[in-house]
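What follows is the residue order along each chain.
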Amino acid sequence: MHPTRRPLLRVGVKDNIHCGGFSTRAGSRRFRTYPRGTAAVLAGVPADHITCKTQLTEATLGLDAGCGNPLVPGGWPGASSTGSAVAVAANICDVAVGTDSLGSVRIPSVACGVVGLRMTHDAALLDGVLPVSPSLDAVGWFARTLDDLQFALERFEVVEPLAPGGRKPLRIVLVTEVLGDDGCEPDILRAYEALADTAAGRGVDVVRIALGDVWKARMPAWALCAREAFDSLSPHAGLLEPLGEDVANVLRLGEGVTLRAAKDVRALQRPLRDEFCARLDALDIDAFALPVYPFTLPTPEVIHSWPMLFPDVRDAASEALAGYTPIARLLGWPALSVPTGVQLVGRPGADNLLIETAERLFA
């Protein structure tokens with residue numbers, strides 16, 4: 001930290017993102033690198049606004065980053081971008097930057113009671129970010145409120161302000177597969193269904209559609225991420241040793257996913273995006289809503305009993321653990337989570353509209 005700095009906005013940066021003046025440690029017990037430059041995602045952030053680097057799980061793949069949860073003392077604060085969510089919730093910084101390959105912005109944000117935006121997948125924004133899954137990685141932002149998020153992102157020229165006035169009525173989707181998901185806990189399902197009444201009361205139209213092939217690709221998305229994590233990290237394993245067993249298990253899982261299987265999933269991404277985008281266009285839909293996860297977040301004790309963060313993609317019975325976060329990452333679309341446990345997934349490049357939609361629904 002730099003406690004002598006007193007900027008207008010204190011910005012925390014996840015420690016897998018290069019930032020001049022700080023080392024990059026990637027959550028590793030041994031790894032250190034000292035970058036010459038700053039990552040592209042921070043291009044609009046004045047250097048004196050960056051007041052701390054934030055902790056993450058080991059190589060972004062571990063179960064626990066060793067952070068406390070400021071919202072729920074003793075509770076699990078989420079994985080990977082944990083420190084960014086914790087730092088914002090604890091008022092260590094006003095906004096923070098993270099990365100989201102596995103729901104790593106959205107799950108910690110809900111766990112810690114803050115707002116989390118996974119931005120549209122953009123390879124240019126990943127310049128200066130240590131890769132995990134290049135096909136699925138995206139940068140993201142945390143803030144305590146939607147207003148804070150919008151203020152910071154417009155000030156740092158991350159998003160363009162929406163043109164005032166003339167905006168058509170908003171329309172969002174509830175996903176029928178979620179409404180029929182026996183694996184979704186009843187309280188979470190009831191809150192999701194109640195979103196239709198909340199939206200109607202705020203002048204937002206709601207329709208129900210099925211995601212179809214996008215829904216079915218959730219587990220293949222986990223498999224692709226595991227394979228790409230193995231490909232990204234295994235050449236550098238010597239720099240990261242000794243790896244925790246949970247991280248080693250993810251890499252072993254990824255090694256078992258064939259290159260052909262990973263290639264097949266990557267080949268699915270564009271057709272799925274194009275087809276689903278055309279469906280949304282036909283219905284004039286701005287975003288679709290999902291729970292961030294289908295179950296109450298487990299305790300740290302339960303988390304530590306898991307062999308790894310990933311579901312076992314080799315086991316058909318693990319399908320129930322695929323969850324809802326893979327959908328946005330497979331499409332490469334932006335997703336914004338709010339403390340109620342809901343995420344909105346919006347159109348690619350329309351991150352600013354997604355924030356406005358969330359303002360209409362939740363502010």
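Everything in this summary refers to the structure shown in the same document. (Residues numbered from 1 in each chain as written. Predicted model: local features only at pLDDT ≥ 70, side-chain atom pairs only at ≥ 80, totals over all residues. Heavy atoms only, no water.)

**Considering the overall build of the chain**
Threshold: The secondary structure listing takes helices from DSSP runs of H or I that are at least 4 residues long and strands from runs of E that are at least 2 residues long, numbered from the N terminus. Only C-alpha atoms enter the radius of gyration; for comparison, a globular chain is expected to reach 2.2 Å times N to the power 0.38, where N is the number of residues. Think of it in three bands: with a 1.4 Å probe and only protein chains considered, a residue is buried below 20% of the maximum accessible area for its type, exposed above 50%, and partly exposed in between.
Within the chain, the regular secondary structure consists of 13 helices and 10 strands. Computed over C-alpha atoms, the radius of gyration of the chain comes to 19 Å, within 12% of the 21 Å expected from 2.2 N^0.38 for 363 residues, which places it in the range of a compact globule. For the chain, the C-alpha atoms occupy an extent of roughly 50 × 50 × 40 Å along the three principal directions. Counting the 363 residues in the chain, one finds 57% classified as buried.

**Section: the packing of aromatic side chains**
This is how the line gets drawn: For Phe, Tyr and Trp, rings pair up if their centres lie within 6.5 Å, where Trp contributes its six-membered ring, and each pair is then called stacked (planes under 30 degrees apart), edge-to-face (over 60) or tilted (otherwise). The criterion is that NZ of a Lys, or CZ of an Arg, lies within 6 Å of the ring centre and within 35 degrees of the ring normal, and then a charge sits over that ring.
Throughout the structure, instances matching the rule amount to 6 aromatic pairs. Residues Trp215 and Tyr324 carry aromatic rings whose centres are separated by 5.7 Å and whose planes lie at 35 degrees to one another, so their mutual orientation is tilted. Note that Trp215 is positioned in helix H6 (residues 213-216) and Tyr324 in the loop between helix H11 (300-305) and helix H12 (326-331), a separation of 109 residues in sequence. Each member of the pair, Trp215 as well as Tyr324, carries the same accessibility label: buried. Arg218 extends its terminal NZ or CZ atom over the ring of Trp215, reaching a point 3.8 Å from the ring centre.

**Describing the sheet that holds strand S3 (residues 95-99)**
Selection rule: Paired strands, as defined in this entry, are two strands with at least two bridges between them according to DSSP. Each axis is a line fitted through C-alpha atoms, and for a helix only the stretch in contact is used; angles between axes span 0 to 180 degrees, taken between their N-to-C directions. Any two residues whose heavy atoms approach within 4.5 Å at even a single point are treated as in contact.
With mixed pairing, 10 strands are arranged side by side in an open sheet as S2-S1-S3-S5-S4-S9-S10-S8-S6-S7. Only two strands of the sheet have a single neighbouring strand rather than two, namely strand S2 (50-54) and strand S7 (205-209). Strand-to-strand twist in this sheet, taken as the mean axis angle between neighbours without regard to direction, amounts to 25 degrees. Packed on one face of the sheet, helix H10 (residues 259-283) meets strand S6 (171-175), S7 and strand S8 (287-291) and runs near 140 degrees to S7.

**As for the nonpolar core**
When a protein is soluble and globular, its nonpolar side chains tend to lie buried together. Operational definition: Throughout this description, the term nonpolar core refers to a set of buried Ala, Val, Leu, Ile, Met, Phe, Trp, Tyr and Cys residues connected via side-chain atoms within 4.5 Å.
Grouped together as the largest cluster of nonpolar side chains are 110 residues, with contacts concentrated most on Leu61, Trp141, Phe288, Phe310 and Leu336. For this core, the element with the highest residue contribution is helix H7 (residues 218-233), accounting for 9 residues. Beyond its immediate sequence surroundings of up to four residues, Phe310 is in contact with Leu61, Leu102, Trp222, Cys225, Ala226, Val250 and Leu253.

**Side note on H7**
Where we set the bar: To estimate the expected span of a helix, count its residues, drop one, and scale the result by 1.5 Å.
Its 16 residues give H7 an end-to-end C-alpha distance of 23 Å, which sits within 8% of 22 Å, the value for a rise of 1.5 Å per residue. Within H7, 14 of the 16 residues are buried, which leaves the element mostly enclosed by the surrounding structure.

**Overview of the layout of surface pockets**
Quick note on the threshold: Only protein atoms enter the 1 Å grid used here, on which a cavity is any set of points holding a 1.4 Å probe that cannot leave and a pocket is any open set flanked by protein within 12 Å on both sides along at least five of seven lines; residues with an atom within 4 Å of a point are listed as lining. Grid points are joined across faces, edges and corners, and a volume is the space filled by probe spheres set on the points. Polarity classes work like this: nonpolar for Ala, Val, Leu, Ile, Met, Phe, Trp, Tyr, Cys and Pro, charged for Asp, Glu, Lys and Arg, and polar for all others, with Gly in that last group.
Empty space within the largest pocket amounts to approximately 530 Å³. Along the wall of the largest pocket there are 28 residues; nearest its centre are Phe295, Trp306, Leu309, Pro311 and Leu321. Of the residues belonging to the lining of the largest pocket, the class tally is 21 nonpolar, 6 polar and 1 charged. Its volume calculated, the second largest pocket comes out at about 350 Å³. Looking at the second largest pocket, it is lined by 20 residues, and the ones nearest its centre are Val110, Tyr293, Phe295, Thr296 and Leu297. Listed by contribution, the elements that provide at least two residues to the lining of the second largest pocket are helix H2 (106-112) and helix H5 (186-201). For the lining of the second largest pocket, the class distribution of residues is 15 nonpolar, 5 polar and no charged.

**Describing unusual backbone geometry**
For the bond from Glu241 to Pro242, the omega torsion is 0 degrees, close enough to zero to count as cis. When you line up the elements, Pro242 lands in the loop between helix H8 (237-240) and helix H9 (245-255). In this structure, Thr60 is a non-glycine residue whose phi angle is positive, near 70 degrees. Judged by its relative accessible area of 6%, Thr60 is buried.

**A few points about the side chain of Arg218**
Convention followed: For this analysis, a polar contact is any N or O atom pair within 3.5 Å, provided that within protein one partner can donate a hydrogen and the other can accept it, and provided that sequence-adjacent residues contribute only side-chain to side-chain pairs.
With respect to the element layout, Arg218 can be found in helix H7. A distance of 3.0 Å separates a polar side-chain atom of Arg218 from the backbone oxygen of Trp215. Once you skip the residues sitting within four places of it in the chain, Arg218 turns out to touch Glu319, Ala322, Gly323, Tyr324, Pro326 and Ile327.

**Description of the packing of helix H3 (residues 146-155) against helix H13 (residues 351-362)**
Rules: In these notes the angle categories are as follows: under 35 degrees is roughly parallel, over 145 is roughly antiparallel, 65 to 115 is roughly perpendicular, and the rest is oblique. In this scheme the handedness of a crossing depends on how the near helix is turned from the far one: anticlockwise by less than a right angle means left-handed, clockwise means right-handed.
Packing of H3 against H13 brings their axes to within 10 Å, and their N-to-C directions diverge by 160 degrees. The angle between H3 and H13 places the two elements in the roughly antiparallel class. Seen along the crossing, H3 lies across H13 with a hand that is left-handed. On H13, the residues that touch Leu146, Asp147, Leu149, Gln150 and Leu153 of H3 are Ile355, Ala358, Glu359 and Phe362. The class makeup of the residues in the contact of H3 with H13 is 6 nonpolar, 1 polar and 2 charged.

**Let's talk about H3**
At 3.6 residues per turn, the α-helix brings residues three or four places apart onto the same side. The cut-off we apply is this: Throughout, the arc means that of the directions going from the helix axis to the C-beta atoms.
Among all positions in H3, only Leu146, Leu149, Ala152 and Leu153 are buried. The arc that holds the buried residues of H3, viewed along the axis, is 135 degrees, so those residues lie on one side. Check the buried side of H3 and you find it contacts S3, strand S4 (115-118), strand S5 (139-143), strand S9 (335-337) and H13. In the stretch just after H3, Glu157 is the one whose phi turns positive, near 60 degrees.

**Focus on the pairing of S8**
Of all 5 residues that make up S8, 5 are buried, and the element is covered over most of its length. With 3 bridges connecting them, S6 and S8 associate as parallel partners. For Ile172, the partnering residue across the bridge sits in S8 and is Ala287. The sheet contact formed by S8 and strand S10 (residues 342-346) spans 5 bridges and is antiparallel. Bridged to Pro291 within S10 is Val342.

What is shown is where atoms sit, not what they do.
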